[in-house]
Amino acid sequence: MFCCSEAHVILINMSDFKSLIVDTTDRIFRELAQPQEIILGLQEDWEISLWNTLEEAGLTLAWVPEKYGGSGVEIEEGFKILEIAGRYAVSVPLAETLLAGWLLAKAELSVPMAPITVSVPGRGQMLRIADGKLYGNAQGIPCLDLADYFLCIAEEGEDTRVVLVALEGAESASDSGMRGDGTGKVKFNGTDVVRCAPVPKISFADDLLLMGAAVRSQLMAGALQTVLEFSVTYAQERHAFGRPIGKFQIVQQNLARLAAETAAAAAAAGSAADTIQNAKSFDESVILEVAAAKIRTGEAATEGSAIAHQVHGAMGFTAEHVLQRFSKRLFAWRDDFGTETEWAVRLGRLVAASGADKLWPMIASR
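Residues numbered from 1 in each chain as written. Predicted model: local features only at pLDDT ≥ 70, side-chain atom pairs only at ≥ 80, totals over all residues. Heavy atoms only, no water.

*Asks:* Is there a simple way to think about the overall build of the protein in this case?
*Replies:* Of regular secondary structure, the protein possesses eleven helices and nine strands. Its C-alpha radius of gyration of 21 Å places the protein within 12% of the 21 Å reference for a compact globule of 366 residues. With the C-alpha coordinates aligned to their principal axes, the bounding extent of the protein is approximately 75 × 55 × 50 Å. For the protein, the proportion of its 366 residues judged to be buried stands at 49%. Considering only contacts in the protein between residues 6 or more positions apart, those separated by 24 or more positions represent 72%. Carbon and sulfur atoms provide 54% of the accessible area of the protein, an area that totals close to 17,200 Å². Side-chain charges of the protein comprise 32 positive and 47 negative groups, with the mean position of each set lying 5 Å from the other. (Helix = DSSP H or I, 4+ residues; strand = E, 2+ residues; numbered from the N terminus. Rg over C-alpha atoms; globule rule 2.2 N^0.38 Å. Buried < 20%, exposed > 50% of the residue type's maximum accessible area, 1.4 Å probe, protein only. Contact = heavy atoms within 4.5 Å. Areas by Shrake-Rupley, 256 points an atom, 1.4 Å probe, with all protein chains shown as cover. Lys, Arg positive; Asp, Glu negative; His and termini not counted. Charge placed at Lys NZ, Arg CZ, Asp CG, Glu CD.)

Next comes the structure, spelled out in structure tokens:
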């Protein structure tokens, strides 16, 4: 009886803990990162206030075990944090810092309490280590203006290493980019390495790509939920010919399509997150789920944004309207950590390599 009661208490406590993470994250973004208020300039220095509050709540290092300086929450809780961040089209490096913390902890390195951005091998990246210093170039780095540290995978002779450096001593250039978060390029000419560890296995760099794709899928799923809410509200409030435009059948049909795309994105991203949570390693099941999620959320981002702008008309394209902020984020996230085409090719190769006899069991087992 005691064991059962104790297990019941633990179950309740875990449920309360998950709810607390969701409520805390949503409250912070709701109070400090309202997109419309940011666009209109009603919140000054909002990035600093938001980041400091997220740090104090332990959300920026959620995926880092306590022994490496983090909060040590489960993978699924971290993905829930990202979904909420996506709902607000956040432009602080929360996703990148979560991803960097996960990678550093996997390499058994401590994680600094600071905003971190990341880079995936390839895509214009040529980085190497010599005598404890980092050399080379990387481009397409998100949130470059807001980050204090940069995490990458670099070569040292014939070895591959996980490397963390401070951005203060590097040459960088950035612009607002599509997502408006200071995406840019950076050049390292002998920058001191702050953290460094050998890559523990060959697929480690691929693990970063997979995790990054899952992270972006979750952000897109969250953003689409807000886009749907905006569109439904606007259709109820905007009148034409004496009645709300939401009463017109064509608008109702478009909103139904948008709801379907949003639901599909949430299901795909959630399935990938659940698979990662329960996987012992990044095996074929993880590759399948992440590839499917990145492809499906990318498609939903494209189709969903188009529908939302059709509902809003020309209003949604103006700089003052919040919809354009979400559309830009969705399009940028869609291409990060592999495009739909790249993941479709990889998924096709995985299915082809398994053979025709294994296709249906592979699909049916999900």
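More follows now that the structure is in view.
*Asks:* What is the right way to read the packing of helix 7 (residues 249-278) against helix 8 (residues 284-312) from this model?
*Replies:* Relative placement of two packed helices is described by the angle separating their axes and the distance separating the axes. The interhelical angle for the contact between helix 7 and helix 8, taken along N-to-C directions, is 160 degrees, at an axis separation of 8 Å. The angle between helix 7 and helix 8 falls in the class roughly antiparallel. Between helix 7 and helix 8 the crossing geometry is left-handed. Looking at side-chain class alone, the contact of helix 7 with helix 8 contains 15 nonpolar, seven polar and six charged residues. (Axes fitted to C-alpha atoms, helices over the stretch in contact; angles between N-to-C directions. Parallel < 35°, antiparallel > 145°, perpendicular 65-115°, else oblique. Left-handed = near helix turned anticlockwise from the far one by under 90°. Nonpolar A, V, L, I, M, F, W, Y, C, P; charged D, E, K, R; others polar.)

*Asks:* Would you mind showing me how to read the pairing of strand 7 (residues 183-198) here?
*Replies:* The two faces of the sheet receive side chains in turn, since in a regular strand these alternate between them. Pairing geometry for strand 3 (residues 133-141) and strand 7, over seven bridges, is antiparallel. Pairing of asparagine 137 across the sheet is with lysine 187, part of strand 7. Note that strand 5 (residues 159-166) and strand 7 share five bridges and pair antiparallel. Its bridge partner lying in strand 7, valine 162 is registered against alanine 197. Bridging between strand 6 (residues 171-175) and strand 7 involves five bridges; their strand directions are antiparallel. (Pairing = 2+ DSSP bridges.)

*Asks:* How should I be thinking about the state of the cysteines in this particular structure?
*Replies:* Throughout the structure, instances matching the rule amount to zero disulfides. As a non-bridged cysteine, cysteine 152 has cysteine 196 as the owner of its nearest cysteine sulfur, 9.2 Å distant. Cysteine 152 sits in the buried class, given a relative accessible area of 1%. (Disulfide = S-S within 2.5 Å.)

*Asks:* Would you explain the pattern of salt bridges in this entry?
*Replies:* Pairing between side chains becomes possible if they bear opposite charge and their charged atoms approach one another. In the structure shown here, the tally under the stated rule is 15 salt bridges. Its salt-bridge partner being glutamate 83, residue arginine 87 comes within 2.8 Å of it at the nearest N-O pair. With arginine 87 and glutamate 83 both in helix 4 (residues 75-87), this residue pair falls four residues apart, about one helical turn. Given the relative accessible area of 9%, glutamate 83 is considered buried. Measuring nitrogen to oxygen at the nearest pair gives 2.9 Å for the salt bridge that ties aspartate 336 to arginine 216. Placement of the pair is aspartate 336 in the loop between helix 9 (322-335) and helix 10 (340-354) and arginine 216 in helix 6 (residues 204-237), with a sequence separation of 120 residues. (Salt bridge = Lys/Arg side-chain N within 4 Å of Asp/Glu carboxyl O.)

*Asks:* It is not clear to me how helix 4 should be interpreted in this structure. Could you clarify?
*Replies:* Every α-helix carries 3.6 residues per turn, so stepping three or four residues along brings you back to the same face. Its 13 residues give helix 4 an end-to-end C-alpha distance of 19 Å, which sits within 8% of 18 Å, the value for a rise of 1.5 Å per residue. With respect to burial, helix 4 is a largely interior element, ten of its 13 residues being buried. What helix 4 keeps buried is the set Ile75, Glu77, Gly78, Phe79, Ile81, Leu82, Glu83, Ile84, Ala85 and Gly86. In the segment just after helix 4, alanine 89 is the residue with positive phi, at about 50 degrees. (Expected span 1.5 Å × (residues − 1).)

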